Amino acid sequence: SRMKRLAMTLNSCCDDNRLALVDVKGFDPRDVSVTVKDGKVTVSAEHTEEHSTALAKTCNYRKFMKEFSLPPGVDDDEVTCSM
């Protein structure tokens, strides 16, 4: 399914070079966050599911984080991401 193949691509506006392809399968796009600060790109995702039955309550929690340094000369404001 589309959700299982969800991936994120980070691009630099200056020359359209792909900086990273991050596999975030298992996460809804609303769970994914991308920040660019001080020459670093941080991709993070967090998801919690709770299920209750008459006998038990279960909780499933997933968290992912990956950080990349931008190449020299790339300004933080020039970075875009797409899903």
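Residues numbered from 1 in each chain as written. Predicted model: local features only at pLDDT ≥ 70, side-chain atom pairs only at ≥ 80, totals over all residues. Heavy atoms only, no water.

## Description of the sheet that holds strand 4 (residues 40–52)
Pairing is antiparallel in the open sheet, where 3 strands are placed in the order 3-4-5. Two strands lie at the open edges of the sheet, namely strand 3 (32–37) and strand 5 (57–69), each paired on one side alone. Within the sheet, the average angular offset between the axes of one strand and its neighbour, ignoring direction, is 15 degrees. As paired strands, strand 3 and strand 4 are joined by 6 bridges and run antiparallel to one another. The partner of T35 across the bridge, within strand 4, is T42. (Pairing = 2+ DSSP bridges. Helix = DSSP H or I, 4+ residues; strand = E, 2+ residues; numbered from the N terminus. Axes fitted to C-alpha atoms, helices over the stretch in contact; angles between N-to-C directions.)

## What about the nonpolar core?
Of all hydrophobic cores here, the largest spans 11 residues; its members are A20, V22, V24, F27, V32, V41, V43, A45, L70, V74 and V79. Contributions of two or more residues to this core are made by strand 2 (18–23) and strand 4. (Core = buried A, V, L, I, M, F, W, Y, C linked by side-chain atoms within 4.5 Å. Buried < 20%, exposed > 50% of the residue type's maximum accessible area, 1.4 Å probe, protein only.)

## Considerations on the side chain of H47
Counting through the fold element by element, H47 comes out in strand 4. Apart from the residues within four sequence positions on either side, H47 is in contact with F27, D31, N60, Y61 and R62. (Contact = heavy atoms within 4.5 Å.)

## With respect to the packing of aromatic side chains
Tallied over the entire structure, the rule returns 0 aromatic pairs. Between the NZ or CZ atom of R62 and the centre of the ring of F27, over which it lies, the distance is 5.3 Å. (Phe/Tyr/Trp six-rings, centres within 6.5 Å; stacked < 30°, edge-to-face > 60°. Lys NZ or Arg CZ within 6 Å of the ring centre and 35° of its normal.)

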